[in-house]
Each structure stands twice: as C-alpha cells, then as structure tokens.
Amino acid sequence: MTDQIVVRNLYKIFGPQPDAARQLIKEGLDKDAIFEQTGSTVGVRDASFSIRAGEVFVIMGLSGSGKSTLVRMLNRLIEPTSGEVLIDDRDIVQMSQAELIELRRRDIAMVFQSFALLPHLSVLENAAFGLEIAGVDKTERDKRAMDALDQVGLRGNANSYPEELSGGMQQRVGLARALATDPTILLMDEAFSALDPLIRREMQEELLKLQQQQARTVVFISHDLDEAMRIGDRIALMEGGQVVQVGTPKEILDHPATDYIRNFFQDVDLAQVYTAGDIARAPDTLFRLDEQRDARQLLQALEQQQHDYAYLVDGEQRFLGIASREALQQSDGPVESACLPRPRTLRHTTRLNNVLGRVAATPYPVPVLGRNDQFLGVVSRAHLLETLEKSDT
C-alpha cells in the first residue's frame with residue numbers, strides 16, 4: 001500500500017512572532033511558556049507522518065491538542081507556518097492558488113461537524129452544490145449527486161428539504177455532497193460528534209460500508225476513543241500540538257509510547273480492538289492431508305497427545321476440516337470420513353466481542369481462517385479468557 005499523503009516537519013504558529021516561537025520550541029519550552037514569552041500560540045509543532053492510500057486514518061487527542069488545525073493544513077484551509085504536505089508526491093504548500101483550487105475540486109472533499117446544508121435547496125441540490133460551484137453542467141451534476149445520495153441511502157429523499165430530515169439524515173446529505181465530487185481523499189473533522197449515539201454508530205457503519213464499496217483515503221478527526229478504535233485502520237495521537245504516536249489500535253495498546261497515551265487508552269475494551277487473527281494460536285494437532293494419513297494413523301496420534309480433535313490442512317496450509325477422535329474410532333476409511341460436518345470457523349478480522357459466544361458454544365478450539373481459507377490457528381476458551389483478563393489488570 002503506497003503513501004498518498006506525507007507530512008514532514010509541519011508547523012502552525014498563530015500570532016506575531018512565529019520565528020521566535022519556533023526557536024523556543026527547539027529549546028524545549030511548552031506551548032504555555034511560548035505564549036507567555038511571544039504572544040504566539042503553537043497549533044501544530046513538527047508533525048511528521050504518512051497516510052496510506054485507501055486507509056481510514058484517525059487523528060485524535062484532547063481539546064486543544066491541534067488535531068483540527070492539522071487536518072485543515074492538509075488542504076490548506078489553514079496555511080502552514082512551515083513544513084511540507086505532499087499529496088501524491090506534490091507539495092501543496094508550494095502550490096499556487098489556482099493549482100490548490102484544482103486539487104480541491106478534483107481530489108479532496110471535506111465533511112465538517114456542522115451539516116452546513118443550505119435550507120432553501122433540496123437534498124439533491126445540496127448534494128450537487130459542490131459540483132455546481134465547480135462549473136459542472138446541471139445534467140451531469142444531478143446524475144452524480146443522485147448516485148452519491150444512493151450510496152448513503154437517501155435517493156428517496158432527493159426532493160425533500162433539510163428541515164424535513166433528521167440530524168443523521170442531514171449528515172448523510174453532507175457526506176453525499178462530498179462523495180459527489182468523487183474525491184480520492186476525504187477529510188472529516190469530527191463529522192459525527194454532533195449526532196446522538198445511536199445515529200453516530202449508524203454513520204460509522206455507513207462510512208465502513210462505503211470504504212468496502214470504494215476505498216478512499218479518509219482522514220478522520222475525533223476525540224472519541226471508541227469511535228477511533230471502531231473505524232480507524234491506524235490512529236495518530238496528538239498532545240500539545242505534537243503527534244506523539246502513530247499505529248494500529250493494537251500496536252498502540254500493546255506498546256504505548258508515553259504515559260499520556262497509556263492513560264488515554266487504559267479503559268479500552270480489548271474485545272472491541274483485538275481480532276481473532278490477533279490471538280490465534282497453532283494447535284497441537286495440526287495435520288497435512290498430503291502426508292496421506294489414514295484414519296487409524298491419525299487416531300493413534302490423537303490418543304498419544306490426549307486430544308479429541310485434529311485440524312486438517314492441505315499442502316498450501318488451507319483449512320480442510322476437523323476430525324474428531326470419536327469419529328476416527330468408528331472409521332476404517334480415509335481421514336475425510338471422520339471430519340465434522342460444517343465445522344464452526346472464524347474469520348481473522350472478527351472482533352473478540354463477536355468471538356465470545358461462538359467460542360463458548362463450541363466444544364473444540366475454533367479455527368481462524370485468513371484470506372483464501374488459509375489456516376491461521378485456533379482460539380480456545382482458555383486462551384480467550386486469558387486474553388480478556390489482561391484488560392482488567
């Protein structure tokens with residue numbers, strides 16, 4: 001996966017003495033001390049990171065950490081004090097105004113916390129508004145806007161007006177307006193934070209569904225940890241204008257870079273972060289059928305190891321089935337004749353909160369499968385409980 005956005009040594013200093021403020025940053029002073037001495041406020045300091053094409057990249061931190069300032073520098077709604085913002089290897093900080101406008105029209109769309117719908121325009125006209133500003137003719141923009149409304153489930157509301165819609169539906173119109181321009185990059189600044197919890201979750205699901213249909217590079221600003229964990233492929237944590245750690249939710253949970261991040265994540269429910277693939281372990285009784293074992297040979301191996309189930313794979317490590325000791329004791333034929341009918345399995349991406357019931361209701365450790373049915377290991381009841389107990393220590 002290639003990097004679509006690369007940020008290097010990015011600064012934003014508001015106020016009369018940015019150069020003096022930068023020097024004080026180099027000397028190790030914090031933003032309060034810098035403001036006291038210079039009257040300048042440090043919004044973002046020396047941010048460097050990259051965002052991969054097609055990922056949902058969440059930037060989060062407490063209020064005042066600089067996350068909204070940072071995202072607005074990615075399309076130069078806020079002018080950086082210094083540094084680079086490369087989009088597809090082009091530094092937008094060095095672009096002319098005409099080049100920047102073209103980039104925004106072609107590649108970048110933004111969704112804000114406020115719905116910002118025009119009350120005198122219909123849902124369709126609101127969704128097409130960005131295209132109208134860009135000079136797209138009415139037939140084309142209406143078609144593209146209707147397609148975008150279809151993506152967010154509002155085709156039937158095209159002729160309604162904003163006041164006739166719920167908050168969640170209005171935010172869907174805002175999202176459709178962004179999608180209508182078919183951007184490769186979608187910037188979302190606390191886009192769901194004004195919504196009720198249930199509607200907010202629905203919008204998160206909507207975003208994930210849209211990503212499955214067409215993966216865009218999404219930069220999502222949030223102060224909500226559960227939201228970040230739910231939708232983020234990777235998360236950047238900010239404190240005092242600095243990006244202090246970037247990683248997957250699991251990487252940050254396993255290896256927090258600072259005490260601030262450790263405290264930030266201390267109440268996270270591991271069952272909503274870890275997946276079956278994260279905790280899968282190799283079973284003691286894994287057998288390749290290309291070794292041509294018959295049922296009697298496999299039964300002997302199980303009895304020696306005192307196990308009740310054998311996990312069968314082919315030469316490419318693809319899962320073939322589970323043979324039980326009981327069935328093997330009654331079989332004189334090939335191993336396949338002793339396999340369980342329709343054995344329960346887990347996908348490697350399944351979150352642990354969706355694993356609990358399945359593992360608890362299954363008498364054998366449940367196989368975990370990756371792409372193309374690759375066998376990755378098993379999850380047992382004991383191992384699952386061991387993993388979840390770590391979240392309480």
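Note that the coordinates shown come from a computational prediction; the quantities given were computed from them, not determined experimentally.

Conventions used here
- Within each chain, residues carry numbers counting from 1 in the order of the written sequence.
- The predicted nature of this model means local features are confined to residues of pLDDT at least 70 and side-chain atom pairs, given and counted, to a pLDDT of 80 or more, with totals for whole chains, interfaces and linings taken over all residues.
- Neither water nor hydrogens contribute to the side-chain values; these are computed over all heavy atoms in the structure.
- Axis definition: a line fit to C-alpha positions, over the contact stretch in the case of helices; interaxial angles, taken between N-to-C directions, run 0 to 180 degrees.
- Per the convention used, a helix needs a DSSP run of H or I reaching at least four residues, while a strand needs a run of E reaching at least two, with both numbered from the N terminus.
- When describing relative orientation, an angle under 35 degrees is termed roughly parallel and one over 145 degrees roughly antiparallel, while 65 to 115 degrees is termed roughly perpendicular and anything else oblique.
- Helix crossings get a hand from a simple test, with the near helix turned counterclockwise from the far one by less than a right angle marking a left-handed crossing and a clockwise turn marking a right-handed one.
- Residue contacts are defined here by distance: any two heavy atoms, one from each residue, within 4.5 Å place the two residues in contact.
- When residues are grouped by polarity, Ala, Val, Leu, Ile, Met, Phe, Trp, Tyr, Cys and Pro land in nonpolar, Asp, Glu, Lys and Arg in charged, and all others, Gly among them, in polar.
- Strand pairing requires that DSSP identify at least two bridges connecting the strands.
- To define a nonpolar core, start from buried Ala, Val, Leu, Ile, Met, Phe, Trp, Tyr and Cys residues and group those joined through side-chain atoms within 4.5 Å.
- For every residue, the accessible area (1.4 Å probe, protein chains only) is compared with the maximum for its type, and the residue is labelled buried under 20%, exposed over 50%, or partly exposed between those bounds.
- Throughout the structure description, domain borders are defined by an automatic or database domain assignment.
- UniProt positions are given in the numbering used here, feature names are shortened, and annotations may be inferred rather than shown by experiment.
- The salt bridge definition used is simple: a Lys or Arg side-chain nitrogen within 4 Å of an Asp or Glu carboxyl oxygen.

Visitor: How should the packing of helix α8 (residues 167-180) against helix α9 (residues 197-213) be read in this particular structure?
Guide: When two helices pack together, their arrangement is given by the angle between the helix axes and by the axis-to-axis distance. The geometry of α8 relative to α9 is characterised by a closest axis approach of 10 Å and an angle of 25 degrees between their N-to-C directions. It follows from the interaxial angle that α8 and α9 lie roughly parallel. Crossing handedness for the pair α8 and α9: right-handed. For the pair α8 and α9, contact is made by Gly168, Gln171, Arg172, Leu175 and Leu179 and by Ile199, Glu202, Met203, Glu206 and Leu210, respectively. Here the residues of the contact of α8 with α9 sort into five nonpolar, two polar and three charged.

Visitor: Please explain the sheet that holds strand β13 (residues 319-324) as it appears in this structure.
Guide: In a beta sheet, neighbouring strands are held together by backbone hydrogen bonds and run either parallel or antiparallel to one another. Spatial ordering of the open sheet is given by β11-β12-β13, a layout of three strands whose pairing is mixed. Among the strands making up the open sheet, the edge pair consists of β11 (286-288) and β13. Put simply, the sheet's adjacent strands are angled 30 degrees from each other on average, direction ignored. Strand direction decides the pairing type here: β11 and strand β12 (residues 309-313), joined by three bridges, are parallel. Directly across from Phe287, in β12, lies its bridge partner Leu312. With respect to the sheet, helix α14 (residues 295-305) is in contact with β11, β12 and β13, its orientation differing from that of β12 by roughly 130 degrees.

Visitor: Hey, could you run me through the nonpolar core in this one?
Guide: One recurring pattern in soluble globular proteins: nonpolar side chains tend to sit buried together. Ranked by internal contacts, the top residues of the largest apolar core, which has 65 residues, are Leu175, Leu186, Met188 and Phe265. Looking at this core, you find at least three residues from each of domain 1 (53-268) and domain 2 (286-390). Those residues in contact with Met188 that lie beyond four places of it in its chain are Val111, Leu175, Leu207, Val218, Val219, Phe220 and Ile221. Within the second largest apolar cluster, 29 residues are counted, among which are Phe49, Phe57, Ile59 and Met238.

Visitor: What exactly am I supposed to notice about the UniProt feature "domain: ABC transporter" (unreviewed entry) in the protein chain here?
Guide: Those places that UniProt annotates as "domain: ABC transporter" (unreviewed entry) correspond, in this numbering, to residues 29-265. Spanning residues 29-265, this segment combines 42% helix with 22% strand, and its end C-alpha atoms are found 26 Å apart.

Visitor: Would you mind showing me how to read the side chain of His383 here?
Guide: Mapped onto the secondary structure, His383 falls in helix α17 (residues 381-390). The exposure class of His383 is buried, given its relative accessible area of 8%. When near neighbours in sequence (up to four residues on either side) are disregarded, His383 contacts Ile279 and Arg281.

Visitor: Any chance you could explain the pattern of salt bridges here in plain terms?
Guide: Any two side chains of opposite charge can pair, so long as their charged atoms come close to each other. Counted by the stated rule, this structure contains 22 salt bridges. Linking Arg262 and Asp259 is a salt bridge whose minimum nitrogen-to-oxygen distance equals 2.6 Å. With Arg262 and Asp259 both in helix α12 (residues 259-264) and three residues apart, this pair spans about one turn of that helix. The shortest N-O distance in the salt bridge between Arg347 and Asp373 comes to 3.3 Å. Separated by 26 residues along the polypeptide, Arg347 in strand β14 (residues 346-347) and Asp373 in the loop between β15 (366-369) and β16 (375-379) bring together distant segments of the chain. On the accessibility criterion, Arg347 (36% relative accessible area) is partly exposed. Within the structure, one salt-bridge network assembled from shared partners comprises Glu102, Arg106 and Asp107.

Visitor: How should I be thinking about the sheet that holds strand β9 (residues 234-239) in this particular structure?
Guide: Taking strand neighbours across the sheet as the criterion, the six strands line up as β6-β7-β8-β3-β9-β10 in an open arrangement whose pairing is mixed. One side of each edge strand has no neighbouring strand; the edge strands of this open sheet are β6 (108-111) and β10 (242-247). For this sheet the average axis-to-axis angle between neighbouring strands, irrespective of direction, equals 20 degrees. The pairing of strand β7 (residues 185-189) with strand β8 (residues 217-222) spans five bridges and is classified as parallel. In the sheet register, Asp189 faces β8, and the bridge partner there is Ile221. Running over the sheet, α8 touches β6 and β7 and is turned about 170 degrees from β6.

Visitor: Would you mind going over the packing of helix α1 (residues 18-26) against helix α2 (residues 31-38) with me for this structure?
Guide: Running from N to C, α1 and α2 point in directions that differ by 140 degrees, and their axes come no closer than 10 Å. Crossing of α1 against α2: the hand is right-handed. Mapping the contact onto sequence places Ala20, Ala21, Leu24 and Ile25 in α1 and Ile34, Gln37 and Thr38 in α2. Looking at the contact of α1 with α2 residue by residue, the classes come out as five nonpolar, two polar and no charged.

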